[in-house]
Structures are given as C-alpha cells and as structure tokens.
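Understanding the architecture of this molecule
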Amino acid sequence: MMKTETEQAFPIQLIDPFGRRVDYMRISVTDRCDFRCQYCMAEDMTFLPRAQILSYEEITFIARAFSELGVEKIRLTGGEPLIRHDSQQLIESLGALPKLKELTLSSNGSQLGKMAPALKAAGVQRINISLDSLDAKKFKRITRTGNLSKVLAGIDAAVATGFKKLKINAVIMRGHNEEEVLDLVAFAIERGIDVSFIEEMPLGNVNHDRALSYCSSDDVREILEQRYSLFPTTETTNGPSRYYRLTGIDDTKVGFISPHSHNFCASCNRVRLTAEGRLLLCLGNEHSADLRAVVRRYPGDMDRLKQEIIDAISRKPERHYFDLNDEPQIVRFMNMTGG
Ligand code: SAM
Ligand code: SF4
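Small disclaimer: the values here were computed from a predicted structure and weren't measured. (Residues numbered from 1 in each chain as written. Chains lettered and ligands numbered in written order. Predicted model: local features only at pLDDT ≥ 70, side-chain atom pairs only at ≥ 80, totals over all residues. Heavy atoms only, no water.)

What about unusual backbone geometry?
Despite not being glycine, D86 shows a phi value in the positive range, around 55°. With a phi angle near 65°, R144 is a residue other than glycine that sits in the positive phi range. Within the secondary structure, R144 sits in the loop between α5 (136-143) and α6 (148-161). (Helix = DSSP H or I, 4+ residues; strand = E, 2+ residues; numbered from the N terminus.)

What follows is the structure, encoded as structure tokens:
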C-alpha cells in the first residue's frame, strides 16, 4: 500500500542522543494494586481518579505509535495490571498490533490462577511474577495484604499453561528476606523457570530506611555460591537483568538487576508510560512528556503523537544517580512508575 507523505517523514527507529535505540516500552495499566509491598508503596496510598488514567483505547493508540516507530517489545505492568477491569481487552488489542514482536507482563500473581490461559490466548508470551518469600507470614509482612497460597497457585497455573518463559522477581532486603534466596532458586529450578534478584530502588518515601535494608547483588550471589556454581552467560531478555547459569541446571537462569552496584544505563533501550499517560524517559529522572494531553487534545492525530514521542526521546537522560543515604530524589513510587 502507498504510504502518505507524512508517514514517510517518520523514522522507523527511535534513537536517543547517546546512540541508544529505544525498542522496548513498559506500560503501567493502573497505579492500583491489591498488595502494598513495603519497598514499592507506603502504607497509606492515594490512587489516581479514574478520569486521570488513560482509557484502553488511548493506551492502544499510543502503543501503536511506538510500534510504528520501532518499538518491538511491550511489557504491561503497574500497579497490578490484572486487577484493572477487563484488562484482557487491552491485552488482546495490544497483542494484535502487527509490528509488535513481544508482549509480556509483570504481575504479582494474585489473578493468574483464574487468568493464565486467557492471557496466553490473548497474546502474552512471557510473565514476570513477583515473589519475595516462600514463608506465608513473611510474605504477608512484606506485601502487607498478599496471600502466599493464592500467588503460588497462580504461578503453578502459569507453569501449566505453558508460556514461552516465566520468571520470578524477588527484591531482596536485608533483615526482611535475604535468607529466602536459596529457597527461591530451588523453587524456580523445580518448575523450570528463571529467577531475578533486584536491588531495592529509592522511589518514593516508604516506611523503612532503604539504606539499612540494602542488599547488593554481590551479597545475593555470595549466598547462592554456598550451594551452586554460577557462571555468567551473555543470554539476555532485552531488559536490565545480567544472567548466570548454574552448573548442572538446564532450565533455570538466575538474573541480577543491580541499579546501584552495576549501573545498566549504558545499554538502556526502554521508556515507560505511566497510567496517567506521562512518558517517563528514565526510571531515575523526572524527564517526561505528557502524552495524555496530546491524545486528548488531538484525538486520532497519529502524526502529532509520533512527533511528540520523537521530540521526547531527544530528551532521554544519559543515566540515573541513586543515593540511598539521601532523601529520595524521585518522589513517585514504583507503582506510579511502572516497574
Ligand atoms: N504488580 C506487579 C509486580 O509486582 O510484579 C507489577 C508492578 S511492580 C512495580 C514491578 C516490579 O517492580 C516488581 O518486580 C517489584 O518487585 C519491583 N519493585 C517495586 N518497587 C521496587 C523498588 N523500590 N525497588 C526495586 N524494585 C521494585
Ligand atoms: Fe503491587 Fe507490584 Fe508494587 Fe507489590 S510491587 S505493591 S504487587 S505494584
């Protein structure tokens, strides 16, 4: 089909001022969640009113613009994406974007028991599931409202559904769950799935001192080396995890996401769309563009939206600077950011 002149004027790749190609976007479907994880949220949270968050049509329109500008992978996140009403409708619309190569999801697992097969049918290929503890009491303490057995049933439903890949994500906090590291790896090995350990990031003011709970990826690796031999691999899932293989284990990789100890900004290929339509150009900076204002002011104007996105990418910062001993520089919580 002949392209219009305006369509031809747009690049087919988004390249930032530091030469990094942006081919991955994370979309926060909602800032709401049925859990209140200690590292992610404060105990008392105020969520956005409905009118302020993007509709599914708006999200799909923005995602289409990105996919036509070379974004090949979309991860749906939040908040908990699966608790927004009829989230499957959004997943089906995004799964049908012709240029998208991969649609993935981050979830706390609470809804997977009932939704896993429908998610696969709608086009989700991979799921990252948060799991910070296998001890019901500790799990409740960390998530404040979560129910471990429901999450474990959700993980098993996802394993039985046969996704291309599943991964457990665990934020390890000293004094909270560092003694869970070996059990979490054993849990992943039993199910033939991957596991990544995340260093806690200072996003928003939470109810504990993040400097005291900080547990570095090297500390986690030391714990793992009590039981396993780890060797680095260049395998990647196009995200920030650095992966290791374990001697004698074929189906499980162990990843480390180390925003403090091994800065990953040089290879950053992603941007985030918040639930209220703010395009965040970096996890640890406030550089952003208000895409909700564009799609509401100029409904259906794809060229204008694409130009806004291209202009925003030219403002993507080089890197983040996190300091756990200082007041958080970033006041938005992770559920607002779209982790
Ligand atoms: N609710 C879903 C979940 O828990 O997977 C998706 C959203 S959650 C914000 C995405 C990821 O961010 C989770 O793996 C969670 O552990 C991680 N996360 C949240 N707050 C964090 C923080 N302050 N530092 C590091 N990781 C964090
Ligand atoms: Fe909810 Fe995920 Fe944040 Fe936990 S990490 S409070 S599950 S959004």
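Here's the deal with helix α2 (residues 56-68)
Helix length check: α2 (13 residues) gives 18 Å between terminal C-alpha atoms against 18 Å at 1.5 Å per residue, within 8%. In terms of residue burial, α2 counts as a mostly covered element, since 10 of its 13 residues are buried. Restricting attention to buried positions, one finds in α2 the residues Y56, E58, I59, T60, F61, I62, A63, A65, F66 and S67. Just past α2, the residue G70 takes up positive phi, approximately 105°. (Expected span 1.5 Å × (residues − 1). Buried < 20%, exposed > 50% of the residue type's maximum accessible area, 1.4 Å probe, protein only.)

What about the nonpolar core?
Counting 99 residues, the largest nonpolar core has F66, L76, L119, F197, L224 and L305 as the members making the most contacts within it. Broken down by element, the residue count for this core peaks at 7 residues, all from α2. (Core = buried A, V, L, I, M, F, W, Y, C linked by side-chain atoms within 4.5 Å.)

Overview of the site of ligand 1
By nearness alone, 19 residues border ligand 1, and Y39, G79, S130, M201 and M334 come closest of all. Between ligand 1 and E80 there is a distance of 3.2 Å, counted from a nitrogen atom to a side-chain nitrogen or oxygen. Between ligand 1 and R210, the relevant distance is 3.3 Å, taken from a nitrogen atom to a side-chain nitrogen or oxygen of the residue. Its free accessible area being 540 Å², ligand 1 has 95% of it covered by the protein chains. For the shell around ligand 1, the secondary structure elements donating two or more residues are β4 (73-78), β5 (102-107) and β7 (165-171). (Near = heavy atom within 4 Å. Polar contact = N/O pair within 3.5 Å; in protein donor to acceptor, adjacent residues only side chain to side chain. Areas by Shrake-Rupley, 256 points an atom, 1.4 Å probe, with all protein chains shown as cover.)

Examining the sheet that holds strand β9 (residues 230-232)
What the 12 strands build is an open sheet, ordered β9-β10-β11-β8-β7-β6-β5-β4-β3-β12-β13-β14; its pairing is mixed. The open sheet terminates on both sides in strands that have one partner only, identified here as β9 and β14 (288-290). With strand direction ignored, the average angle separating the axes of adjacent strands in the sheet is 25°. Where strand β10 (residues 242-246) meets strand β11 (residues 253-257), 4 bridges bridge the pair, whose relative direction is antiparallel. Looking across to β11, one finds that Y243 is bridged to G255. Where helix α9 (residues 217-224) meets the sheet, its contacts fall on β8 (194-198), β9, β10 and β11, and the angle it forms with β11 comes to roughly 155°. (Pairing = 2+ DSSP bridges. Axes fitted to C-alpha atoms, helices over the stretch in contact; angles between N-to-C directions. Contact = heavy atoms within 4.5 Å.)

Quick word on the pattern of salt bridges
Any two side chains of opposite charge can pair, so long as their charged atoms come close to each other. One pass over the structure, following the stated rule, counts 19 salt bridges. A salt bridge links R20 to D16; the nearest nitrogen and oxygen atoms lie 2.7 Å apart. As far as the burial class goes, R20 and D16 line up, both buried. Of the charged contacts in the structure, one is a salt bridge between E200 and R210, with a shortest N-O distance of 3.0 Å. Of this pair, E200 sits in the loop between β8 and α8 (210-213) while R210 sits in helix α8, placing them 10 residues apart in sequence. Judged by relative accessible area, which is 6%, R210 ranks as buried. The network of salt bridges with common partners includes R21, E72 and K101. (Salt bridge = Lys/Arg side-chain N within 4 Å of Asp/Glu carboxyl O.)

A short note on the site of ligand 2
Lining the immediate environment of ligand 2, one finds C33, F35, R36, C37, Y39, C40, M41, G79 and N108. In the shell around ligand 2, the residues fall into 6 nonpolar, 2 polar and 1 charged. (Nonpolar A, V, L, I, M, F, W, Y, C, P; charged D, E, K, R; others polar.)

Here we look at the pairing of β4
With 6 of 6 residues buried, β4 is to be regarded as a mostly interior element. What you see with β4 is no split at all: K73, R75 and T77 on one side and I74, L76 and G78 on the other are buried throughout. One ladder, built from 6 bridges, connects strand β3 (residues 24-30) with β4; its direction is parallel. Its bridge partner being in β4, R26 is matched across the sheet by R75. Here 4 bridges tie β4 to β5, and the two strands are oriented parallel to one another. Following the sheet pairing, K73 is matched in β5 by E102. On the question of chirality, the crossover connecting β4 to the parallel β5 by way of helix α3 (residues 87-95) is right-handed. (Right-handed = clockwise from strand over helix to strand, strands pointing away.)

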